[in-house]
Amino acid sequence: MKRIVYFLFITILFSSCYAVRAYRFRKFEYKDLDKFRVTTIKKSTRPFHFEYAQRDHSTLTSYLDSNLQNSSTYAFLVIQDDSILYEKYFAPIDSAAILPSFSVVKSFVSTLAQIAHQEGKIKSFADPVTEYLPWLLKSDSRWQYVTVQHVLDMRTGVKSSETYDSPFSDVIRLGFTRNVSNRMQKPILDTLPGKFIYKSVNTQILASVIEAATGQKLQDYLYEKLWLPLGMESDATWHIDAKGTVRAFCCLNATLKDYAKIGRLYLRNGNWEGAQLLSPQWVQTILNADTMRIYQGYKNHWWSSRTIKRFQAAEEALEFIQTNPDWYYTETIRNGKVYYNANKNLKGIFAQGMLGQFLYVNPQKKLIIVRLGHNWSHPRYYAQKFIEELAEMID
């Protein structure tokens, strides 16, 4: 009987090309980047360069060198007030290496949505998403109740499994399918919109909205609206399917310092060298702690920096919050397991990707921290906690 079950499993697995690729890259490493189909985003013709700090920061260097050595980090960057305090690459990585963003790119995509809105191409974030993607109604008439803002805040109620350890989960299918657009033709809703549930498919839907509204491929819009004006120093790549559609939810690859530039844009309230690329209101909405509390620590595809306490049951978390009014309740689902959380916002926001990719922005300290690498490993800290405590250390 076991042989029959095994045979059926192998038959199903290898009857689907995406499943074969997902299995092959189940332990993704830097060297695997060259094995994916990509489109190239050319570097800016007007490169911007961060300066190196002149003041002594040997204590910081020593602390980071010792803590990052065995953490599976590829590259780490600390910038304060436009000056580089720390920049380190771990062999065989060097400063020219383009490194995967995973879900960090989601914050780039939401930034493009705001730019499209400012240009009047997305008329209002209160618009039904079906105004731009009418074909969604064919799969589920309830899409008429979902707004673009619901997509930005991951409150659509879309049915999609966000499980990273199964080759048959929806997010893995989206990451490895040869035809992203075809996968996107039949999304249905689990519930009516309103509740925050992190689902990567929302970013792919947002990308489709941007492309429909602007009439441009997302990679071309990224180059025109961000890569060129932000002075990106290096070419980047973005994973595409066989039809040339980018995997918007996960798969931008760029150099360490170029990732930091989106952080600088938000630090400067949407202004870049005198050009107001983003509405200050958009930036302040994301940076506002009260807003983040209302939206459970996730707004417009950005996370709030926060302390998290996890409990075994929802009742325990809610009881804790009753006696600690600065905290708020969330539920998160990871690999099929539900976590019941009490959260307290800290200063700062971040974009986060699988395996511990982080782009952290702290306006109060004029601070940007970028960590890129393989699965974070540290004896005392998980990656987010390490970065947040590092921010506290820096004056």
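Here, the structure is the one placed above.
My aim in this report is to walk through the structure given alongside it, one point at a time.

About the criteria used
- Residues numbered from 1 in each chain as written.
- Predicted model: local features only at pLDDT ≥ 70, side-chain atom pairs only at ≥ 80, totals over all residues.
- Heavy atoms only, no water.
- Helix = DSSP H or I, 4+ residues; strand = E, 2+ residues; numbered from the N terminus.
- Rg over C-alpha atoms; globule rule 2.2 N^0.38 Å.
- Contact = heavy atoms within 4.5 Å.
- Areas by Shrake-Rupley, 256 points an atom, 1.4 Å probe, with all protein chains shown as cover.
- Lys, Arg positive; Asp, Glu negative; His and termini not counted.
- Charge placed at Lys NZ, Arg CZ, Asp CG, Glu CD.
- Expected span 1.5 Å × (residues − 1).
- Buried < 20%, exposed > 50% of the residue type's maximum accessible area, 1.4 Å probe, protein only.
- Core = buried A, V, L, I, M, F, W, Y, C linked by side-chain atoms within 4.5 Å.
- Arc of directions from axis to C-beta.
- Phe/Tyr/Trp six-rings, centres within 6.5 Å; stacked < 30°, edge-to-face > 60°.
- Lys NZ or Arg CZ within 6 Å of the ring centre and 35° of its normal.
- Pairing = 2+ DSSP bridges.
- Axes fitted to C-alpha atoms, helices over the stretch in contact; angles between N-to-C directions.

**Structural notes on the overall build of the chain**
Logical step 1: Along its length, the chain carries 15 helices and 15 strands.
Logical step 2: For 395 residues, the compact-globule formula gives about 21 Å, and the C-alpha radius of gyration of the chain, at 21 Å, lands near that figure.
Logical step 3: Taken over the C-alpha atoms alone, the chain extends approximately 65 × 55 × 50 Å along its principal axes.
Logical step 4: Within the chain, residue pairs in contact and separated by at least 24 positions form 69% of the contacts whose partners lie at least 6 positions apart.
Logical step 5: Carbon and sulfur atoms form 51% of the exposed surface of the chain, whose accessible area is close to 18,200 Å².
Logical step 6: Of the side-chain charges in the chain, 49 are positive and 37 negative, and the distance between the mean point of each set is 7 Å.

**Some words on helix α4 (residues 105-118)**
Logical step 1: The end-to-end C-alpha distance of α4, which contains 14 residues, comes to 20 Å, matching closely the 20 Å that a straight helix rising 1.5 Å per residue would cover.
Logical step 2: Burial within α4 is extensive, with twelve of its 14 residues counted as buried.
Logical step 3: Listed in full, the buried residues belonging to α4 are Val 105, Lys 106, Ser 107, Phe 108, Val 109, Ser 110, Thr 111, Leu 112, Ala 113, Gln 114, Ile 115 and Ala 116.
Logical step 4: Directly beyond the C-terminal end of α4, a positive phi value near 80 degrees is found at Gly 120.

**So, the environment of Lys 365**
Logical step 1: Relative to the assigned elements, Lys 365 resides in the loop between β14 (357-362) and β15 (367-373).
Logical step 2: The residues contacting Lys 365, other than those within four sequence positions of it, are Gln 80, Ala 391, Glu 392 and Ile 394.

**Comments concerning the nonpolar core**
Logical step 1: By size, the foremost hydrophobic cluster in this structure holds 85 residues, and its most contacted members are Trp 238 and Leu 252.
Logical step 2: Within the second largest apolar cluster, 28 residues are counted, among which are Leu 60, Phe 350, Leu 367 and Ile 387.

**Things to note about helix α12 (residues 280-287)**
Logical step 1: Of the positions making up α12, those classed as buried are Trp 282, Val 283 and Ile 286. One face of α12 carries all of its buried residues, which in axial projection span an arc of 95 degrees.

**Quick word on unusual backbone geometry**
Logical step 1: Of the consecutive residues Ala 91 and Pro 92, the connecting peptide bond is found in the cis state with omega at 10 degrees.
Logical step 2: The topology assignment puts Pro 92 in the loop between β4 (83-89) and β5 (99-100).
Logical step 3: Phi at Glu 273 is positive, roughly 50 degrees, even though this residue is not glycine.
Logical step 4: The residue Glu 273 is located in the loop between β8 (271-272) and β9 (275-276) in this model.
Logical step 5: Given the relative accessible area of 55%, Glu 273 is considered exposed.
Logical step 6: The phi angle at His 301 is positive, at roughly 70 degrees, despite the residue not being glycine.

**Concerning the packing of aromatic side chains**
Logical step 1: Evaluation of the coordinates by the stated rule reveals 19 aromatic pairs.
Logical step 2: Geometrically, the ring pair formed by Tyr 63 and Phe 386 is stacked, given 6.0 Å between the ring centres and 5 degrees between the ring planes. Of this pair, Tyr 63 sits in helix α3 (residues 58-68) while Phe 386 sits in helix α15 (residues 383-393), placing them 323 residues apart in sequence.
Logical step 3: Relative to Phe 358, the ring of Phe 350 lies with its centre 5.3 Å away and its plane at 55 degrees, an arrangement referred to as tilted. Phe 358 matches Phe 350 in its accessibility class, with the two residues each being buried.
Logical step 4: Within the aromatic cluster, the residues linked to one another by ring pairs are Tyr 63, Phe 76, Tyr 86, Trp 376, Tyr 381 and Phe 386.
Logical step 5: Sitting above the plane of the Phe 90 ring, Lys 88 keeps its charged end 5.7 Å from the centroid.

**Looking at the sheet that holds strand β1 (residues 38-41)**
Logical step 1: Strands sit in the order β1-β6-β7-β5 across an open sheet of four strands; the sheet is antiparallel. Looking at the sheet topology across the chains shown, the edges are occupied by β1 and β5.
Logical step 2: With two bridges joining them, β5 and strand β7 (residues 252-254) adopt antiparallel strand pairing. Bridge pairing in β7 places Pro 100 opposite Asn 253.
Logical step 3: On the sheet, helix α10 (residues 218-227) packs against β1, β6 (236-239) and β7 and is oriented at approximately 20 degrees with respect to β1.

**Quick look at the pairing of strand β13 (residues 337-353)**
Logical step 1: In this sheet, β13 lies alongside strand β11 (residues 302-311) in antiparallel orientation, the contact comprising eight bridges. Looking across to β13, one finds that Ser 304 is bridged to Ile 349.
Logical step 2: Bridge count for strand β12 (residues 328-334) against β13 is seven bridges, and the pairing is antiparallel. Among the inter-strand pairings, Ile 333 is bridged to a residue of β13, identified as Val 338.
Logical step 3: Alignment of β13 against β14, held across five bridges, turns out to be antiparallel. Considered in β14, the bridge of Ala 351 is made with Leu 359.
Logical step 4: Hairpin connection from β13 to β14: three residues lie between these consecutive antiparallel strands, with Leu 355 at a positive phi of about 70 degrees.

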